[in-house]
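# Overview (structure and organization)
Now for the letters of each chain:
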Amino acid sequence: MTLDPTLALVETRKVFAGEGTVAQAVFYGLSVLTIATFFTGIVLRVRKYGRGRPAREGRWMRPSHREDVPEVTTKPSFAKGFWTVATNRTISRDQPSVGMAHLLVFWGFLGLFAATTILSLDYDILGNVSPLLVGHTVSFFHGPFYLAYNAVFNLAGVIAILGTAHLMGRRASHKEPRLDYTRAFKPEEGYSRKRFMQGDWLFLWLLMALFVTGFLIQGLRIDEAHFPGFERWTWMGYLTGLGWNAVGVGPHLAAHVHPWLWWFHILMALAFVAYVPFSKANHMIASPANLVVNDPANTRRLPSPPSGHPGYTSLADFTPKELLGLDACTKCGRCHYVCPARTAGAPLSPRDLILDLRQWVNRQEHIPVVLDQEERPAATGPLAANGSTAVAGDVIAPLTLWSCTTCMACVEVCPVGIEHVPSIIQMRRKLVDEGTMDATLQSALQNIAQQGNSMGKSARMRARWTKGLDFTIPDARKEPVEYLWFVGDFASFDDRLQGLSRTLAGILHHAGISFGLLYEDERNSGNDVRRVGEEGLFEMLVEHNLAALAKADFQTIITTDPHTYNTLRNEYPSYGLDKPVRHYSEVLTDLVLSGRLPIKPLGGHVTYHDPCYLGRYNRVLDAPRALIEGLGCELVEMPRNRTGSFCCGAGGGRIWMDDSFLEERPSENRMKEAVALGVDTFVVACPKDFAMFSDAVKTTGNEGKMTVVDIVQLVDRALDRDRLPSLQAAQAAPEPTA
Ligand code: SF4
Ligand code: SF4
């Protein structure tokens, strides 16, 4: 092949330089085939999403709820999703170097895609249309445009190479367990996940080869043209040309090598495009799409299932958004790593759950997958089954589903916006429907249905804990109060926790707060009932509690239990509740920091455990910390803190289930983390946490070394009682008149 010598005199390059008509025809033929394969893959995927049920009547896909959840999240919106995609911010959130590398690949790849598109617009569209319209060929691919085009898109290629090299180097050298795809448990029929790794490497090598060969071709072309001065704008290609020259490939040899390498690059590029929808590369489309339609409030406020629907059994039960989410998973392993169930030795990994569902769905839809799936030796396993297998129970084992604490750590860390928890709960609903559950859970649900509390105690005993108080808490159904205290089952009935309730009542009383109770009219709020999958019972509880609340005259609800806080704040509004809801730690913080509660600084070092349903779910992170510091304690953070807190293991109804199969309870794992800090006080702000961690202190042999203290006890210890009566007197004094 020889290059047109006049080309060295003008600032452009000839497309298909030296390629004959046959070669061009082959190129276009292959391009059509490639594009057809690509769109076939896309159609198969979209058809699969269409098999799901609409998330809401008349809506196929949505950034669903539009109501705002103050402080938790801004309104979900497409614009916000696009911004997340553009900045890759969810990828860099806890892994900045990975995030930066991915950002380079992302924008580098988009840049190169844009470069190809621009060239095609000029050569294929304008080049063919313009003679028909104006009688001669019009092109903008020369002069300053050409120079700028090359300078900019050379930069895109270089950053894409740097990013890909970083990701490859990291994968090869770090050997991170989260990327080795070892299952949280080994199914009896065996498995092999080698293909996952092969798929990852194939993807990375293909990208790298595409980027690098692009520059090698540019270098040959510039070498062949004897390095025209204007090609210095093609700075990386120019340098590569110099490199060719340095290793003995002069213009003559370059002219021979150029077409071979060009064809190699073109065939690889076409193969890559065809491979995208059938491989790991599919995440290039599915992950951004999932982020754009992601609803960050979905786990906090579970979507209501279709009325009368008994939970997920088949592919048709999943929403299109859930099916898209399965495709969006990049297998990064972040959810696998943070999952307390997996850490405790339970047969649950949120990553494996997503990958199993994906493989199961793709098999049913007959979507071929290049490497990126698990191999099973027999055709009998659930992942090899062909559609008739029930998802809850067969594809995903019951114990896997019941192991989830609904802590939301997986949802929080997932960089592509997958919502594992709502899907797990929908599958649990099926297990509940057929009675596949622990006897202890069954009994707790029966107790709640019959008595309104999981302990099975009479409703009349709900306020029995107030008996030890030297004052009477008003009945909010009979007299107006400012705060309605929704105490919750554990803080009302559990012997170990009733003292904490009395302490809180005493503090509120002495601070002059107007508060009252619903007494026997209060029922379990239903947060955990809903999360074990008993939607019908949840709705009954909501109905009862709303009727009870309607009898009371109050401004704001206070809750003790963060789980109650979550459902009252995020889910009850959909059923008609229109009052603000606060957690007792927030109210105490206001009282202490405003000086309404006089304090004598405590001193000492403490650590604080963020309850999942308070911190991660509802972003109440600063108030408890400000309170602890306001009490004069020095807060020493555990490595896993704030939204990265580690679950105690009690959430999602796990507190009602057997945990004897665990290798190590999450609460024990957490207690060891706290003990390693060298502090002796473990502060909690949740009744369940108090019970779980008090047990963990004993079972980990840390009695005497660590004391579990509820934040209300800390306030009580710091209270300057001598100043309380004067404070009350001051509050009782009439307002001075002007
Ligand atoms: S919610 Fe928590 S326990 Fe459940 S899968 Fe996610 S990380 Fe694991
Ligand atoms: S579900 Fe999300 S966090 Fe988990 S492996 Fe997939 S992409 Fe990563």
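Residues numbered from 1 in each chain as written. Chains lettered and ligands numbered in written order. Predicted model: local features only at pLDDT ≥ 70, side-chain atom pairs only at ≥ 80, totals over all residues.

It is worth spelling out the site of ligand 1 at this point. Neighbouring residues of ligand 1: 15 residues in total, closest Cys 339, Pro 350, Cys 404, Cys 407 and Cys 410. Elements with a contribution of two residues or more to the shell around ligand 1: helix H12 (340–343), helix H15 (409–413) and helix H16 (420–434). For the shell around ligand 1, the residue count by class is twelve nonpolar, three polar and no charged. (Near = placed C-beta within 6 Å. Helix = DSSP H or I, 4+ residues; strand = E, 2+ residues; numbered from the N terminus. Nonpolar A, V, L, I, M, F, W, Y, C, P; charged D, E, K, R; others polar.)

What follows concerns the confidence of the model for the protein. As a general rule, the predicted coordinates of low-pLDDT regions are not to be interpreted in detail. Taken residue by residue, the protein gives an average pLDDT of 90. The fraction at 70 or more is 92%. Scored below 50 in pLDDT, residues 1–8 shows 18 contacts in the model against residues more than four places distant or in partner chains. Low pLDDT, under 50, characterises residues 57–74; the stretch is placed with 37 contacts to residues that sit more than four places away or in other chains. (pLDDT = per-residue confidence, 0-100. Contact = placed C-beta atoms within 7 Å.)

Quick look at the packing of helix H23 (residues 584–593) against helix H27 (residues 711–718) now. The contact between H23 and H27 brings their axes to 10 Å, and the two run at 20°. For the element pair H23 / H27, the angle class is roughly parallel. Considering the relative orientation of H23 and H27, their crossing is left-handed. Touching Tyr 584, Ser 585, Leu 588 and Val 592 of H23 are Ile 711, Val 712 and Val 715, all from H27. (Axes fitted to C-alpha atoms, helices over the stretch in contact; angles between N-to-C directions. Parallel < 35°, antiparallel > 145°, perpendicular 65-115°, else oblique. Left-handed = near helix turned anticlockwise from the far one by under 90°.)

Domain parsing of the protein yields domain 1 (21–182 + 191–288), domain 2 (306–434) and domain 3 (441–722). Computed from C-alpha coordinates alone, the two centres of domain 1 and domain 3 are separated by 51 Å. (Domains from an automatic or database assignment.)

Next up on the list: the nonpolar core. With 136 residues, the main nonpolar core has Leu 484, Leu 588, Val 683, Val 684, Phe 693, Ile 711 and Val 715 as its most contacted residues. Residue assignment places this core across two domains, with domain 2 (306–434) and domain 3 (441–722) each supplying three or more. Sequence-distant contacts of Ile 711, defined by excluding residues within four places in its chain, comprise Ser 585, Leu 588, Pro 624, Leu 627, Val 683, Val 684 and Ala 685. Val 98, Val 105, Phe 106 and Tyr 146 belong to the second-largest nonpolar core, a separate cluster that totals 23 residues. (Core = buried A, V, L, I, M, F, W, Y, C linked by C-beta atoms within 7 Å. Buried ≥ 20, exposed ≤ 12 C-beta atoms within 10 Å, placed from the backbone.)

Below, the discussion takes up the environment of Gln 364. Counting through the fold element by element, Gln 364 comes out in helix H13 (residues 350–364). Taking the number of C-beta atoms within 10 Å as the measure of exposure, Gln 364 has 17 and is therefore partly exposed. In sequence terms Gln 364 and Leu 315 are 49 residues apart; their C-alpha atoms lie 8.5 Å from each other.

Next up on the list: the site of ligand 2. In the vicinity of ligand 2 there are 15 residues, among which Cys 329, Cys 332, Cys 335, Arg 351 and Cys 414 approach most closely. Secondary-structure elements contributing two or more residues to the shell around ligand 2 are helix H11 (334–338) and H13. Looking at the shell around ligand 2 residue by residue, the classes come out as ten nonpolar, two polar and three charged.

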